[in-house]
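# Geometric and topological summary
Each chain, letter by letter, is given below.
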2 protein chains.
Amino acid sequence: MHEDIDIGTRLKKLRHERQISQRQLAIKSKVSNAMISLIESNKTNPSLGMLKKILDSVPISISDFFAMEIKLTNKVVYRKDELTEIGSGPISYLQIGQNLNNNQPQMLLERYKPGADTGKSMLTHESEESGLILEGRLELTVGDQIYYLSTGDAYLFNSSVPHRFKNPGATDCVLVSACTPPSF
Amino acid sequence: MHEDIDIGTRLKKLRHERQISQRQLAIKSKVSNAMISLIESNKTNPSLGMLKKILDSVPISISDFFAMEIKLTNKVVYRKDELTEIGSGPISYLQIGQNLNNNQPQMLLERYKPGADTGKSMLTHESEESGLILEGRLELTVGDQIYYLSTGDAYLFNSSVPHRFKNPGATDCVLVSACTPPSF
DNA sequence: ATTTTTTGTTTAATATATTTAACGTTTTAA
DNA sequence: TTAAAACGTTAAATATATTAAACAAAAAAT
């Protein structure tokens, strides 16, 4: 049922990244070096105050500490024709990168054909999303509000509020969006 | 120096959102109800194992628990002339939204004049950033690699790796970027 | 109106996190 | 080649988190 977390290797990894010894970290954070050792070998179940004292001295937030992922890919640039096609049809999405982590922004180059929409049922997910209109016009529904955006306009909202996108114009609507964490 | 965190009201807020009592939560998470009470009134400094047991039963991740914020603004659409100007000069940034939280993507419409760069010292911060070139050309340095991007190309990398941007062309370079969490 | 539950809080008992001080190894200096 | 310093680990002392059991107050049930 309840699996306990391996904060030991997390902390050790963080410490190695910053290239400091257990004792140096202990001094900075004003805890005993023994504690650092015990935590890193998962021989104790540290209190939050303890963890916070240590992470504050790094510094790194608790949230970021637990969101920390083991990064592997070293790919940086995605050429025009290397963007990941997610959907085709009336709405097409081109995504920057693949298999995104929760701490990465999901950037999409979106193209809505005239009249295209995301469906009559509203979308809901646990993210924050933002976008900027590059071409055409967009009808954006967030909660019980309907907005009309033109080229250059932008939006930013919490995706847990039901929302919906539509191209109400006669020409294609092109926009760039970012969603954190990725929604699909 | 080291300020301790108020996990008490955090947990109480979470519990009230889910509309369950201390004892119900205690049973679900198999800890004593006294413990829930003590934590919520900040009368104890719980261990991570303890917190994890409780949050697992909700369920919510530790990272999300600490990223949890009190939502206030209801502004959704930012008109073309409402984007927040961050810098002017050789590089100008227009940001979508203001006072961003850590769980929001920081979207920027960036314009580099010919020859403009982010300075000779490399940038480093704890984020993930991504971008798409709209006009012109961009020279991107990440670690010891230099990339040249043209209109339509994109990038995605971890910002803790030293990096640098430059417009090597004779015309303006315009791009849209997203950074999570916001870098400034 | 009076039980009967359910709420959140507190106290004493006990289990365990944390520190201090030592250990053996490896690295750096002389 | 030895001395000195820094590394991570461990044992016993002590400080504190956690529990079980009782508490009073409010809500629900009869």
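In the block above lies the structure referred to throughout.
First, a word on what this report is: a plain description of the structure on this page. (Residues numbered from 1 in each chain as written. Chains lettered and ligands numbered in written order. Predicted model: local features only at pLDDT ≥ 70, side-chain atom pairs only at ≥ 80, totals over all residues. Heavy atoms only, no water.)

## A look at the protein's contact with DNA strand C
Not every one of the 18 residues close to DNA strand C is listed here, only the nearest: A:Met35, A:Pro46, A:Ser47, B:Arg23 and B:Ser37. Of what DNA strand C places within 4 Å of the protein, 63% of the atoms are sugar or phosphate. A distance of 3.2 Å is found between a base oxygen of DNA strand C and a side-chain nitrogen or oxygen belonging to B:Asn33. When contributions to the surface near DNA strand C are tallied by element, the ones reaching two or more residues are helix H3 (33–40) of chain A together with helix H2 (22–29) and helix H3 (33–40) of chain B. When residues of the surface near DNA strand C are assigned to their parent elements, the largest contribution, three residues, is made by H3(B). When its residues are assigned to classes, the surface near DNA strand C shows six nonpolar, eight polar and four charged. (Near = heavy atom within 4 Å. Polar contact = N/O pair within 3.5 Å; in protein donor to acceptor, adjacent residues only side chain to side chain. Helix = DSSP H or I, 4+ residues; strand = E, 2+ residues; numbered from the N terminus. Nonpolar A, V, L, I, M, F, W, Y, C, P; charged D, E, K, R; others polar.)

## Some words on H2(B)
Residue and element names in this part refer to chain B. Of the positions making up H2, those classed as buried are Leu25, Ala26 and Ser29. Looking straight down H2, one finds its buried side chains confined to an arc of 105 degrees; they lie on one side. Residues of H2 that are exposed and point more than 90 degrees away from the buried face comprise Arg23 and Ile27. (Buried < 20%, exposed > 50% of the residue type's maximum accessible area, 1.4 Å probe, protein only. Arc of directions from axis to C-beta.)

## Observations concerning the pattern of salt bridges
Taken as a whole and assessed by the stated rule, the structure comprises twelve salt bridges over all chains. The salt bridge partner of A:Lys113 is A:Asp172, with a shortest N-O separation of 3.8 Å. Taken together, the residues span a long stretch of sequence, with A:Lys113 in the loop between strand S4 (106–112) and strand S5 (128–135) and A:Asp172 in the loop between strand S9 (163–166) and strand S10 (173–180) at a distance of 59 residues. Judged by its relative accessible area of 40%, A:Lys113 is partly exposed. With its nearest N and O atoms 2.6 Å apart, the salt bridge here joins B:Arg15 to B:Glu40. You can see B:Arg15 sitting in helix H1 (residues 7–18) and its partner B:Glu40 sitting in helix H3, a full 25 residues away along the chain. (Salt bridge = Lys/Arg side-chain N within 4 Å of Asp/Glu carboxyl O.)

## Concerning the packing of aromatic side chains
Counted according to the given criterion, the structure contains four aromatic pairs over all chains. Ring geometry for A:Tyr155 and A:Phe165: centres 5.7 Å apart, planes at 55 degrees, overall tilted. Of this pair, A:Tyr155 sits in strand S8 (residues 154–158) while A:Phe165 sits in strand S9; the two residues are ten residues apart in sequence, bridging distant segments of the chain. Just as A:Tyr155 is buried, A:Phe165 falls in that class too. For the pair B:Phe65 and B:Phe66, a centre-to-centre distance of 5.2 Å together with 85 degrees between the ring planes defines the contact as edge-to-face. (Phe/Tyr/Trp six-rings, centres within 6.5 Å; stacked < 30°, edge-to-face > 60°.)

## Digging into H3(B)
Residue and element names in this part refer to chain B. Every buried residue of H3 is accounted for by Met35, Ile36, Ile39 and Glu40. All buried residues of H3 lie within an arc of 125 degrees about the axis, which places them on one face of the element. A positive backbone phi angle near 55 degrees is found at Asn42, which sits one or two residues after H3.

## Some details on the relation of the copies chain A and chain B
With an RMSD of 1.5 Å, the operation that places chain A on chain B is a rotation of 180 degrees combined with a shift of 1.5 Å along the axis. Taken together, the rotation and translation describe the operation of a two-fold axis. By C-alpha distance to the rotation axis, the residue of chain A lying nearest is A:Ser63, at 1.2 Å. When the interface residues of chain A are mapped onto chain B, 97% of them are again interface residues, pointing to one common binding face. (Least-squares fit on C-alpha atoms with pLDDT ≥ 70 in both. Contact = heavy atoms within 4.5 Å.)

## Section: unusual backbone geometry
The backbone of A:Asn42 sits at a positive phi, close to 55 degrees, despite the residue not being glycine. Mapping A:Asn42 onto the fold places it in the loop between H3 and helix H4 (48–57). For B:Lys30, which is not glycine, the phi dihedral falls at a positive 60 degrees. For B:Lys30, the position within the fold is in the loop between H2 and H3.

In short, geometric facts, not functional conclusions.
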